[in-house]
Amino acid sequence: MCVGCRERAAKTDLLRIVKIEDRCVPDRRGTLPGRGAYVHPALVCLDLAERRRAFSRAFRVRGRLDTQALRQALEDDL
């Protein structure tokens, strides 16, 4: 399920996100250790997830996480 738009989708259609220190980074191969959150590879879903503070809830942390690396990766794919 996409944490941004909350729609169900196949795992292959979603981008896995992991938390490294206080940053959200894309895990394209799905091999990085730790808890993962999934989002559609679209800026719209990333914006919704940030607005809803979905990454903080998914990773069970307080406060906001840095999503700049994630945003840059999605913009590069466009």
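Now for a quick tour of the structure.

Thresholds applied
- Here the residue numbering is sequential within each chain, running from 1 through the sequence in written order.
- Given that the model is predicted, a residue must reach a pLDDT of at least 70 before its local features are reported, and side-chain atom pairs must reach 80 or more before they are shown or counted; all residues, however, enter totals for whole chains, interfaces and linings.
- Values reported for side chains reflect all heavy atoms of the structure, with hydrogen atoms and water molecules removed beforehand.
- Helix and strand assignments follow DSSP, with helices taken as H or I runs no shorter than four residues and strands as E runs no shorter than two, numbered in order from the N terminus.
- Radius of gyration means the value over C-alpha atoms here, while the globule rule gives 2.2 Å times the residue count to the 0.38 power.
- Only a pair of cysteine sulfur atoms within 2.5 Å counts as a disulfide in this structure description.
- Classification of residues uses two cut-offs on accessible area relative to the type maximum, computed with a 1.4 Å probe and protein chains only: under 20% is buried, over 50% is exposed, and between them is partly exposed.
- Two strands qualify as a pair provided that DSSP identifies no fewer than 2 bridges between them.
- To define axes, lines are fitted to C-alpha atoms, for helices over the stretch in contact only, and angles between the resulting N-to-C directions are given on a 0 to 180 degree scale.
- The arc in question is traced by the directions running from the helix axis to the C-beta atoms.
- In what follows, residue pairs with any heavy atoms lying within 4.5 Å of each other are defined as contacts.

1. Brief notes about the overall build of the protein chain
(1) Moving on: The helix and strand tally for the protein chain stands at three helices and three strands.
(2) Moving on: Secondary structure elements of the protein chain, listed N to C terminal, follow the sequence β-β-β-α-α-α.
(3) Moving on: For 78 residues, the compact-globule formula gives about 12 Å, and the C-alpha radius of gyration of the protein chain, at 11 Å, lands near that figure.
(4) Moving on: Summarising its shape, the C-alpha atoms of the protein chain cover approximately 30 × 25 × 25 Å along the three principal directions.

2. Topic: the state of the cysteines
(1) Moving on: Applying the stated criterion to the full structure yields zero disulfides.
(2) Moving on: The cysteine cysteine 2 is free of any disulfide, with cysteine 5 supplying the nearest cysteine sulfur at 3.7 Å.
(3) Moving on: Look at cysteine 2 and you get buried, because its relative accessible area is 0%.
(4) Moving on: Cysteine 45 takes part in no disulfide bond, and the closest cysteine sulfur to it belongs to cysteine 5, at a distance of 3.8 Å.

3. Quick look at the sheet that holds strand S3 (residues 36-39)
(1) Moving on: Strand order in the open sheet formed by three strands is S2-S1-S3, and the pairing between neighbours is antiparallel. Each edge of the open sheet is held by one strand with a lone partner, namely strand S2 (23-26) and S3. For this sheet, the mean inter-axis angle between neighbouring strands, taken without regard to orientation, is 40°.
(2) Moving on: The sheet contact formed by strand S1 (residues 15-20) and S2 spans four bridges and is antiparallel.

4. Let's talk about helix H3 (residues 68-77)
(1) Moving on: Within the span of H3, buried status applies to Leu70, Arg71, Ala73 and Leu74. Each buried residue of H3 sits inside an arc of 160° when the element is viewed along its axis, so together they form one side.
(2) Moving on: Here the buried face of H3 lies against S1, S2, helix H1 (43-52) and helix H2 (54-58).

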